[in-house]
Amino acid sequence: AQRVTQPEKLLSVFKGAPVELKCNYSYSGSPELFWYVQYSRQRLQLLLRHISRESIKGFTADLNKGETSFHLKKPFAQEEDSAMYYCALVGGATNKLIFGTGTLLAVQP
Amino acid sequence: GAGVSQSPSNKVTEKGKDVELRCDPISGHTALYWYRQSLGQGLEFLIYFQGNSAPDKSGLPSDRFSAERTGGSVSTLTIQRTQQEDSAVYLCASSLAAGGPYEQFFGPGTRLTVL
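Residues numbered from 1 in each chain as written. Chains lettered and ligands numbered in written order. Predicted model: local features only at pLDDT ≥ 70, side-chain atom pairs only at ≥ 80, totals over all residues. Heavy atoms only, no water.

### Some remarks on the pairing of strand S9 (residues 83-91) of chain A
Residue and element names in this part refer to chain A. Across the nine residues that make up S9, a large majority, eight, are buried. Strand direction decides the pairing type here: strand S5 (residues 33-38) and S9, joined by six bridges, are antiparallel. Paired with Val37 across the bridge in S9 is Tyr85. As judged from the three bridges shared by S9 and strand S11 (residues 103-108), these two strands associate in the antiparallel manner. Looking across to S11, one finds that Met84 is bridged to Leu104. Strand direction decides the pairing type here: S9 and strand S10 (residues 96-99), joined by four bridges, are antiparallel. Directly across from Gly91, in S10, lies its bridge partner Lys96. Counted between consecutive antiparallel strands, the loop separating S9 from S10 contains four residues, among which Gly92 sits at a positive phi close to 85 degrees. (Buried < 20%, exposed > 50% of the residue type's maximum accessible area, 1.4 Å probe, protein only. Helix = DSSP H or I, 4+ residues; strand = E, 2+ residues; numbered from the N terminus. Pairing = 2+ DSSP bridges.)

Written as C-alpha cells, this is what we have:
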C-alpha cells in the first residue's frame, strides 16, 4: 500500500536551531516525493520535490531509498519558517498526491 | 495570472442538506484534483479529472459525493444529504497535465461546516 508517515504532529525549535522534519514512505516502485507547505492563512504550496534536488528557502530533502525516508532539513530555522509541512508522494499515473498527516513547525524567537 | 479559485470560501449548512462547491482551475490546466483536509485525517485525495472525464474517483468516501467538470474548466463537487463528518476544508488543485513533473497548484479551499 502507498503510505506517507510523518511521526511528529508538532516540532518546536528556537530561531537559529537546526530543523529536521521526518517523513517515511511505503511505495512499490520508484517514488516521486514532495514537500508542501502551508503558511498561516495562505494556500498550500509546493516547497520542493526530490527530482529537482534543489534548495528552497534554505530547506533540502534527500531521498533515501534504503530507509524509505525523505526528511526535510534546514540548518538554521527562521521565525518565518513557522508553518504546516506536508510530505507527499505521487501515486499512480493520475499524479494524485498521497499526503502525510503533516507536521506543524513552530520557530520560537 | 490568476491562480486556482474556489467558491464559496465558507459554507455552513444543516445536516441533511445538499451543498455544491465550485473550483475554477488555472486556464489551460487539463488536470484537476479535489482533496479534503479534515482534523485527524489530514489531506485525502477525492477525485481526479483529465479534461471532462474522471478516470479516478477512488477517494470519494460515499455515493453522496459526486463531481463533474464542464468545458475542461470549472468543476463542481456536490455533497448530498450532508453529515457532520463531512465538515472539512475542501481543496481543489490543477496542473498542466497528469504525470510528468507537473506541479499541482492549490486553491484557497472551501471550509464546510455541517451543523
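### Side note on the interface of chain A and chain B
The interface is formed by 15 residues belonging to chain A together with 22 residues belonging to chain B. Taken together, the two surfaces of chain A and chain B that pack against each other cover about 1600 Å², and 50% of this comes from carbon and sulfur. Across the contact surface, chain A and chain B share two salt bridges. A salt bridge links Arg49 of chain A to Glu103 of chain B; the nearest nitrogen and oxygen atoms lie 3.9 Å apart. Inspection of the chain A/chain B interface yields eight residue pairs in polar contact (both at pLDDT 80 or more). Listed by contribution, the elements that provide at least two residues to the side of chain A that touches chain B are S5, strand S6 (45-49) and S10 of chain A. A total of three residues in the side of chain A that touches chain B trace back to one element, the largest contributor, which is S10 of chain A. Per-class residue counts for the side of chain A that touches chain B are eight nonpolar, three polar and four charged. (Contact = heavy atoms within 4.5 Å. Buried area = accessible area lost by both parts, 1.4 Å probe. Salt bridge = Lys/Arg side-chain N within 4 Å of Asp/Glu carboxyl O. Polar contact = N/O pair within 3.5 Å; in protein donor to acceptor, adjacent residues only side chain to side chain. Nonpolar A, V, L, I, M, F, W, Y, C, P; charged D, E, K, R; others polar.)

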